[in-house]
Amino acid sequence: MTREIIKALFFPFAICFISFIWGEVFSFSVAFYLGFFVLLIHSFIQAWFKIHLLSNLKKDDLIGQKRGFGIWRDIYDQLEKKSKIWRQAVLQSEVQYNKFLQGIQASPNGLIMLDEIDHIEWCNNICRDHFRLDPLRDVGQPVTFLLRNPQFVSYMQAREFTRPLHLDFMGDQGSLMLMLQIFPYGENRKLLLSQDITILKKNESMRQDFVANVSHELRTPLTVVSGFLETLRDLKISKLDQKRYVDLMFAQTSRMMTLVEELLILTRLDSSPLTSKTTKVHIEELFEKLLLDAKSLSQDKHVIEVNCPLKMDILGSESEILSAFSNLIVNAIRYTPEGGKIIFEWKAEASGAVFSVKDSGIGIAPEHLPRITERFYRVDRSRSRDTGGTGLGLAIVKHVASRHNAVLKIESELGVGSTFLIHFPKDRLVEVD
Ligand code: ADP
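Bear in mind that the values here come from a model prediction, so they are computed numbers and not experimental data.

Definitions and cut-offs
- Residues numbered from 1 in each chain as written.
- Predicted model: local features only at pLDDT ≥ 70, side-chain atom pairs only at ≥ 80, totals over all residues.
- Heavy atoms only, no water.
- Pairing = 2+ DSSP bridges.
- Helix = DSSP H or I, 4+ residues; strand = E, 2+ residues; numbered from the N terminus.
- Axes fitted to C-alpha atoms, helices over the stretch in contact; angles between N-to-C directions.
- Contact = heavy atoms within 4.5 Å.
- Salt bridge = Lys/Arg side-chain N within 4 Å of Asp/Glu carboxyl O.
- Buried < 20%, exposed > 50% of the residue type's maximum accessible area, 1.4 Å probe, protein only.
- Phe/Tyr/Trp six-rings, centres within 6.5 Å; stacked < 30°, edge-to-face > 60°.

Asker: Which parts of the structure should I look at to understand the sheet that holds strand β1 (residues 110-114)?
Answerer: In any sheet, the strands associate via hydrogen bonds between backbone groups, in a parallel or an antiparallel arrangement. Reading across from one edge, β2-β1-β5-β4-β3 is the order of the five strands in this open sheet, with antiparallel pairing throughout. In this open sheet, the two edge strands, each paired with only one partner strand, are β2 (120-123) and β3 (165-170). The sheet shows a mean angle of 25° between the axes of neighbouring strands, direction not considered. In the sheet, β3 pairs with strand β4 (residues 176-185) via four bridges, with the strands oriented antiparallel. By the bridge assignment, Leu167 is partnered in β4 with Leu178. Against the sheet, helix α6 (residues 150-158) makes contact with β1, β3, β4 and β5 (189-196), and its axis sits at roughly 155° relative to β3, the strand it touches most.

What follows is the structure in structure tokens.
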């Protein structure tokens, strides 16, 4: 600091000193005028530098400006140093701000910042999909002016933001279900969060349907069994009728057992990862077993043909493949009237290999095909039940296929017959040893 004081005062003191010496040696009046003149010029120069600094400060850029001499050079050096630090700080906070914005933009949730009077201050890109808002154009607009949904308007008016609001038919196609909630912050400002809960809601309704279906499937045989038990307990009936009732109860309980077993299979398939590619499923042996089972189920009421020209095995789970293939064959027998023909084949195709079951049965109308692999979906509920079906077979087949990177395809014509095909990719096949 002392250095700066010396620098600032050196020149005026030097002039005063020289003038004084001059006055002592020569003449005081000449020394006074000369000193006064030089100091005046010095003040002008100082004033000029002050004005110059002020105009440079207004330009917001001190770097590279003329910096004068003496104390002015120091002032400029200091200002330039500070200016660099500020600029660095501004750049850093800009980088931070952009990172923060990118983070918010990456969020799958919609985010709207509202001011004290519910005008949009900022919103992220997801709001385009959720509310058709434009993050640039719509800033400054009242939120209820753009989101005119009556439920939302009353939610905003009620000012009761502790509970979320559920809105249906949102988004461009009106296919989204959104959960909205407002979080007040700062001075009467609000943060509006929107979450797409379409899948969540669908899963919830699938879960409810599933529970309802299972309960319904179990209630029917249970009602039958309890009815027979009541009859056996309360009425005196012949030995022959007793046996008939017990047989019927036995059929119902085995139906329930099949249902529970298939449900357990589905749960297992759901929760385990893809099958490994280390175990071989020997197709020829599998076909022998499938043919024996098919013949015993058909009891010679159908013509059953097997065609297995491909000498390739599958890499995957033997029990799952057996269950999928036999489900398709059992269905073919169940839904093909007596005298019909069933062919199951294993052959090569360009993308790998295909297992197919073709029948000349009742066929499936085109409107049922998209839903046929859903759990408990049946074209004819009573017919399926009569044949011992649970409505889970094709769901299992589809699951097993996808766990082997394979795809289930169905071709069917009502009254003509159906073909169920499972297409396996090459990397799931291996040469027979
Ligand atoms: P289910 O146990 O009722 O047979 P699936 O899931 O195996 O259940 O089949 C679902 C529905 O698909 C059946 O109820 C039936 O209506 C229809 N279906 C399945 N396979 C055939 C087939 N080969 N021919 C005609 N309809 C079939």
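Asker: Looking at this structure, how should I read the environment of Tyr185?
Answerer: Following the sequence through the fold, Tyr185 ends up in strand β4. For the pair Tyr185 and Asn331, spaced 146 residues apart in the sequence, the C-alpha separation amounts to 62 Å. Filtering out sequence-adjacent residues up to four positions away, Tyr185 remains in contact with Met113, Glu121, Lys190 and Leu191.

Asker: I keep staring at the pattern of salt bridges and nothing clicks. Help me out?
Answerer: It is possible for side chains of opposite charge to pair when their charged atoms get near one another. This structure, assessed with the given rule, holds 20 salt bridges. The shortest N-O distance in the salt bridge between Asp241 and Arg244 comes to 3.7 Å. Here Asp241 pairs with Arg244, and both are found in helix α8 (residues 239-271), just three residues apart, close to one helical turn. The partly exposed category is assigned to Asp241, whose relative accessible area is 27%. A salt bridge links Lys277 to Asp427; the nearest nitrogen and oxygen atoms lie 3.0 Å apart. Of this pair, Lys277 sits in the loop between α8 and β6 (280-281) while Asp427 sits in the loop between β12 (417-425) and β13 (429-431), and the two are 150 residues apart along the sequence. One continuous salt-bridge network, built from bridges that share partners, spans Glu116, Glu121 and Arg189.

Asker: Explain the packing of aromatic side chains to me, please; I cannot follow it from the model alone.
Answerer: Here the distance between the centres and the angle between the planes together describe a pair of aromatic rings. A complete count under the given rule lists 13 aromatic pairs for this structure. On the basis of an interplanar angle of 70° and a centroid distance of 5.6 Å, the ring pair of Phe32 and Tyr33 is categorised as edge-to-face. In this structure, Phe32 and Tyr33 share a single accessibility class: exposed. Judged by centre distance (5.8 Å) and plane angle (85°), the ring pair of Phe287 and Phe355 falls under edge-to-face. Linking Phe287 in helix α9 (residues 283-298) with Phe355 in strand β10 (residues 352-359), this pair joins segments that are 68 residues apart in sequence. Given a relative accessible area of 4%, Phe287 falls into the buried group.

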